[in-house]
Amino acid sequence: MIKFNRVDKWYGDYHALVDISAEVARGEVVVVCGPSGSGKSTLIRTVNRLEEIHKGVIEVDGADIHARGTDLNRFRANIGFVFQSFNLFPHLSVLANITLAPAKVGGQSLPQARESAMALLARVGIADKASAYPQQLSGGQQQRVAIARALAQKPAVMLFDEPTSALDPEMVGEVLNVMKSLARDGMTMMCVTHEMGFARDVGHRVWFMDRGRILEQSTPDEFFTAARHPRAQAFLSDLREH
């Protein structure tokens, strides 16, 4: 579903992504982890072209997404993205946040978009918050709205960029439960996260990154019990200490 082939990216002289080659199969949940500054968020943001690449090819469902002439609006409608800081429109109600893209970009009628939005809000457990505004919600509720909004376009792929890192600890579980539900339903997912319990319970594979490279790709069981790369071993040792 997602294929990276010899991908490189620079910020000036800084080599942010170094010769990345990896694949995410359809229906697979890949968890990307590693220390801060390792390139995790940059990598996931290249998948929907929030970040451009300088070398290599990224394919989503067989299409070269960085090719010239790509219709970005149509392409991005097929990829849901959930940000660390929610990125909801503060002047719009929860319902309006979710119906905006399907009605304006997806061509749905407003009644149809509202019906779908209410079903999604029920799925993420906050149907009673449809008329509320983002500032009236907890962080966990805002992130669940963000997930519902990303699902409103019926994407083939969901990308999560540290979706729980801005949340209070007691709110993390409610967001992870929604993500686990998506995984059980067979959604193709790439998740940048520090939630190693989620990686162990839900991930099909773990990619460990450091200094712009994927140093290890393995199953969660292999990664957490017998990591091969010394840098991954040191990372896990630090996690256990804390």
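Here, the structure is the one placed above.
For clarity, every value in this text was computed on a predicted model and none was experimentally measured.

## Details of the sheet that holds strand β6 (residues 79–82)
Alright, step 1. Spatial strand order, β6-β7-β8-β3-β9-β10: six strands in an open sheet with mixed pairing. One side of each edge strand has no neighbouring strand; the edge strands of this open sheet are β6 and β10 (213–218). Averaged over neighbouring strand pairs, the angle between their axes works out to 15 degrees when direction is ignored.
Alright, step 2. Sheet analysis places strand β3 (residues 29–33) next to strand β8 (residues 188–192), joined by four bridges and oriented parallel. The partner of Val 30 across the bridge, within β8, is Met 190.
Alright, step 3. Along the sheet face, helix α6 (residues 169–184) touches β3, β7 (157–161) and β8 and points at about 150 degrees away from the line of β8.

## Considerations on helix α9 (residues 230–241)
Alright, step 1. Counted at 1.5 Å a residue, the expected span for α9 with its twelve residues is 16 Å, and the 17 Å between its end C-alpha atoms agrees.
Alright, step 2. Within α9, the full set of buried residues consists of Ala 232, Phe 235 and Leu 236. With its buried residues spanning 95 degrees around the axis, α9 presents them on a single face. Facing away from the buried side of α9 by more than 90 degrees, the exposed set consists of Pro 230 and Glu 241.
Alright, step 3. Where α9 is buried, its residues contact β3, β9 (205–210), β10 and α8 (220–226).

## Overview of the pattern of salt bridges
Alright, step 1. Going through the model one piece at a time under the given rule, you end up with ten salt bridges.
Alright, step 2. For Lys 9, the salt bridge is made with Glu 51, and the minimal N-O distance between the two is 3.6 Å. Of this pair, Lys 9 sits in strand β1 (residues 2–11) while Glu 51 sits in the loop between α1 (40–46) and β4 (55–60); the two residues are 42 residues apart in sequence, bridging distant segments of the chain.
Alright, step 3. Residue class for Lys 9 comes out buried when judged on its relative accessible area of 5%.
Alright, step 4. Put simply, Lys 180 and Asp 201 hold a salt bridge, and the shortest N to O gap is 4.0 Å. One end of the pair, Lys 180, is in helix α6; the other, Asp 201, is in helix α7 (residues 196–202), and 21 residues separate them in sequence.
Alright, step 5. For Asp 201, a relative accessible area of 55% gives the class exposed.
Alright, step 6. Beyond isolated ion pairs, a larger network of salt bridges with shared partners links Lys 9, Arg 45 and Glu 51.

Conventions used here
- Residues numbered from 1 in each chain as written.
- Predicted model: local features only at pLDDT ≥ 70, side-chain atom pairs only at ≥ 80, totals over all residues.
- Heavy atoms only, no water.
- Pairing = 2+ DSSP bridges.
- Helix = DSSP H or I, 4+ residues; strand = E, 2+ residues; numbered from the N terminus.
- Axes fitted to C-alpha atoms, helices over the stretch in contact; angles between N-to-C directions.
- Contact = heavy atoms within 4.5 Å.
- Expected span 1.5 Å × (residues − 1).
- Buried < 20%, exposed > 50% of the residue type's maximum accessible area, 1.4 Å probe, protein only.
- Arc of directions from axis to C-beta.
- Salt bridge = Lys/Arg side-chain N within 4 Å of Asp/Glu carboxyl O.

Nothing here speaks to function; it is geometry throughout.
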